[in-house]
Amino acid sequence: MSEQLPPALDHVAQLLGRFPGVGQRSALRLAFHLLRRPREESAQLADALSVLHDSVGFCSQCGHLSGAELCEICNDPRRDPSLVCVVEGVPDLLAIEATGEFGGHYHVLHGILSPLRGVGPSSLRIAELVERAGQGHIEELILATPISVEGEATAAYIKSLLTRTPDLLLSRIASGVPQGSELEYIDQGTLGRALKARTTL
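About the criteria used
- Residues numbered from 1 in each chain as written.
- Predicted model: local features only at pLDDT ≥ 70, side-chain atom pairs only at ≥ 80, totals over all residues.
- Heavy atoms only, no water.
- Helix = DSSP H or I, 4+ residues; strand = E, 2+ residues; numbered from the N terminus.
- Rg over C-alpha atoms; globule rule 2.2 N^0.38 Å.
- Contact = heavy atoms within 4.5 Å.
- Areas by Shrake-Rupley, 256 points an atom, 1.4 Å probe, with all protein chains shown as cover.
- Expected span 1.5 Å × (residues − 1).
- Buried < 20%, exposed > 50% of the residue type's maximum accessible area, 1.4 Å probe, protein only.
- Arc of directions from axis to C-beta.
- Polar contact = N/O pair within 3.5 Å; in protein donor to acceptor, adjacent residues only side chain to side chain.
- Disulfide = S-S within 2.5 Å.

(A) Quick look at the overall build of the chain. A count of helices and strands for the chain gives 8 helices and 6 strands. Along the chain direction, N to C, the helices and strands of the chain fall in the order α-α-α-β-β-α-β-α-β-α-β-α-β-α. Expected size for 201 residues packed as a compact globule is a radius of gyration near 17 Å; at 22 Å, the chain overshoots this value by more than 25%. Along the longest, intermediate and shortest principal axes, the C-alpha atoms of the chain span 65 × 50 × 35 Å. Within the chain, contacts between residues at least 6 apart in sequence are counted, and of these 47% link residues at least 24 apart. Accessible surface computed for the chain: about 13700 Å², of which carbon and sulfur atoms make up 56%.

(B) Helix α2 (residues 24–36), seen in detail. Helix length check: α2, at 13 residues, gives a terminal C-alpha distance of 19 Å against a target of 18 Å (1.5 Å per residue), a fit within 8%. Every buried residue of α2 is listed here: A27, L28 and A31. The buried residues of α2 occupy an angular sector of 100 degrees when the element is viewed end-on, so they sit on one face. Exposed and facing more than 90 degrees away from the buried side of α2 are R25, R29 and R36.

(C) Main features of unusual backbone geometry. Even without being a glycine, H110 presents a positive backbone phi close to 60 degrees. Of note, H110 is situated in the loop between β4 (104–108) and α6 (126–134). A positive phi is found at D167, a non-glycine position, where the angle reads about 55 degrees. Counting through the fold element by element, D167 comes out in the loop between α7 (149–162) and β6 (169–172). Residue classification places D167 among the exposed residues on the basis of a relative accessible area of 73%.

(D) Local environment of the side chain of S66. Positionally, S66 belongs in strand β2 (residues 65–66). In this structure the side chain of S66 is engaged in a polar contact, spanning 2.8 Å, whose partner is the backbone oxygen of A68. With sequence-adjacent residues up to four places away left out, S66 is seen in contact with S55, V56, G57, F58, C59 and C71.

(E) Examining the state of the cysteines more closely. Applying the stated criterion across every chain yields a total of 0 disulfides. In this model C59 remains outside any disulfide bridge; the closest cysteine sulfur is found in C62, 3.7 Å from its own. For C59, a relative accessible area of 3% gives the class buried. In this structure C71 is a free cysteine whose sulfur lies 3.6 Å from that of C62, the closest cysteine sulfur available.

Below, the structure written as structure tokens:
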């Protein structure tokens, strides 16, 4: 990164620069910050990173992060296993959990269909979802993939696989006008979806 830095510090900055959203300057600031902190803090960080892959895996049922075979959500008896929300990734799951409005289970796809990037059905946890749905324990499947071309294509593909599954209700998250927005500043696609998803008063 820089020949003017000590090799050890430069190496740390290069490694930090590999993280998403961390540019060269941010990586250097983080490296300097670590250098200024007590040695014990760096040792704690190194220890935590060294056991990360051995201690954290994915839930065998839903694909969420877990330190055991099943995650805390799938193991929670207070949650409704007949209601399953399908999401692209763990950040989406966490965002929905933060609302406090969902009491069912999840299915994490770990991506969405994107032919241009070489992401097809076999790259995602779609086969596992079809298998779960076929067991007859799920009553409603909420497709909460992103409101984008790729997200909609993923939802449509899943729907095509599960349309004939007996007694399974397929639903899609609503999209439309954000709260507090002025209609004149809303893009046409969002406003059009809001009109199509209108509800009776």
